[in-house]
Amino acid sequence: MTMPNFLIIGAPKAGTTSVYQYLKEHPQIYLSSMKEPAFFAFEGMKLNYENGPLAGGLGDRPPESRDWYQERVRVAITTLEEYEALFEGVMDEIAIGEASPGYMYFSRSPERIHHYIPQVKLIAILRQPADRAYSSMVHRAQFGLDPEADFSKILEKEDYNIDDEWWGFNHEIRTGFYYKQLKRYYDRFDRSQIKIYLYEDLQNHPLDLVKDAFQFLGVDETFVPDVSRKYLVSAVPQNKLWHKLLTQPNPLKELLKIALPENIRKPLGQKLIKKNMGKPPKPPEVRQKLTEIYQEDIIQLQEMIGRDLSHWLK
């Protein structure tokens with residue numbers, strides 16, 4: 001039976017996909033081809049995709065959003081047999097792992113991880129929580145799960161004081177209380193098993209971060225991955241009508257099929273789509289209000305992880 005000896009546990013929208021891809025390049029590291037199996041969050045559960053908590057908030061969404069959401073969650077691994085199968089391809093790799101950013105958020109994950117792999121190494125990447133909430137909102141909007149994409153309304157959408165932690169892709173605020181989430185890991189695992197990075201580390205010095213992770217995982221730290229590419233960068237159409245013309249069947253697209261060969265038409269279309277993508281406004285007063293909500297958690301967090309986070313409070 002092969003189980004992972006390291007996990008990327010979070011946080012969502014903090015660069016975990018990029019770090020996953022960089023680590024995956026290393027010949028001494030085996031990462032499951034399935035990102036976010038979420039086994040230690042959903043083990044033994046019968047997931048309800050239509051009416052249960054995991055389908056929360058999708059009642060009025062368009063069919064394509066519902067289909068995407070259900071398919072995205074449907075692949076969550078819930079049995080040990082399925083989870084073990086993710087690592088059947090392991091040969092002689094030193095570090096074996098997977099990345100499920102939800103592990104940091106779900107309270108049952110630390111206990112389940114400790115039950116199966118108590119000596120595991122854990123990696124978390126943390127982003128200023130108000131900025132993380134904004135990025136999460138943009139991500140939801142990109143997939144049609146938040147049509148408004150209005151950051152100024154984020155405080156109206158979520159009661160962040162309640163204990164309901166079911167992840168319906170709508171917990172932008174609650175997901176940012178890192179101290180509470182990570183304390184569950186520090187209470188259960190030895191400090192030497194936990195490595196914390198900041199999103200700023202990844203943005204400013206990605207190669208240094210990855211090489212430090214190589215050292216933490218006990219693999220050859222002289223290996224140099226390609227850290228130039230950023231993965232899963234969220235954006236939304238700036239002009240929705242233009243985006244619709246470019247992406248959905250219409251008479252204009254049919255005419256262009258006749259006028260332009262495919263090798264010209266497709267790259268041009270992709271370029272125009274990309275040019276029309278961007279991020280909605282992020283009002284500074286909303287960011288400040290959120291930062292005030294997170295203030296106590298941030299102060300406790302910096303003490304726990306030994307990193308100065310005063311810049312997060314500005």
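Look above for the structure.
Residues numbered from 1 in each chain as written. Predicted model: local features only at pLDDT ≥ 70, side-chain atom pairs only at ≥ 80, totals over all residues. Heavy atoms only, no water.

## Observations regarding helix 5 (residues 109-116)
1) Next: Buried within helix 5 are the following residues: Ser 109, Pro 110, Arg 112 and Ile 113. Seen along its axis, helix 5 keeps its buried residues to an arc of 165 degrees; they face one direction. (Buried < 20%, exposed > 50% of the residue type's maximum accessible area, 1.4 Å probe, protein only. Helix = DSSP H or I, 4+ residues; strand = E, 2+ residues; numbered from the N terminus. Arc of directions from axis to C-beta.)

## Some words on helix 8 (residues 178-186)
The periodicity of an α-helix, 3.6 residues per turn, causes residues three or four places apart in sequence to face the same way.
1) Next: Considered for burial, the residues of helix 8 that qualify are Tyr 178, Tyr 179, Gln 181, Leu 182, Tyr 185 and Tyr 186. For helix 8, the angular spread of buried residues about the axis comes to 160 degrees, placing them on one side.

## With respect to the pairing of strand 5 (residues 194-198)
1) Next: Counting buried positions along strand 5 gives four out of five residues, so the element sits mostly inside the fold.
2) Next: With five bridges joining them, strand 4 (residues 121-126) and strand 5 adopt parallel strand pairing. By the bridge assignment, Ala 124 is partnered in strand 5 with Ile 196. (Pairing = 2+ DSSP bridges.)

## Details of the nonpolar core
1) Next: Leu 23 and Leu 126 are the most contacted members of the largest nonpolar core, which totals 78 residues.
2) Next: The leading source of residues in this core is helix 14 (residues 284-305), at eight residues.
3) Next: With sequence-adjacent residues up to four places away left out, Leu 126 is seen in contact with Ala 14, Met 104, Tyr 178, Leu 182, Ile 196, Tyr 197, Leu 198, Tyr 199, Glu 200, Leu 301, Ile 305 and Trp 312. (Core = buried A, V, L, I, M, F, W, Y, C linked by side-chain atoms within 4.5 Å. Contact = heavy atoms within 4.5 Å.)

## With respect to a nonpolar patch on the surface
1) Next: On the surface, a cluster of nonpolar side chains totalling about 410 Å² of accessible area is made up of Leu 252, Leu 255, Leu 256 and Ile 258.
2) Next: Here Leu 252 lies in helix 12 (residues 251-259).
3) Next: Here Leu 252 falls in the partly exposed class, since its relative accessible area comes to 43%. (Patch = residues over 30% accessible without salt bridge, like charges linked within 9 Å, V, L, I, M, F, W, Y side chains within 5 Å. Areas by Shrake-Rupley, 256 points an atom, 1.4 Å probe, with all protein chains shown as cover. Salt bridge = Lys/Arg side-chain N within 4 Å of Asp/Glu carboxyl O.)

## Here's the deal with the pattern of salt bridges
1) Next: Taken as a whole, this structure holds nine salt bridges when the rule is applied.
2) Next: The salt bridge involving Arg 112 is made with Glu 43; its shortest N-O contact spans 2.8 Å. A residue pair is termed long-range when its members are at least 10 positions apart, and Arg 112 in helix 5 and Glu 43 in the loop between helix 2 (39-42) and helix 3 (63-74) qualify at 69 residues. Each member of the pair, Arg 112 as well as Glu 43, is classed as buried.
3) Next: Between Asp 212 and Lys 195 there is a salt bridge, with the nearest N and O atoms lying 3.3 Å from each other. Of the two residues, Asp 212 is situated in helix 10 (residues 206-217) and Lys 195 in strand 5; the sequence distance between them amounts to 17 residues.
4) Next: Judged by its relative accessible area of 26%, Asp 212 falls in the partly exposed class.

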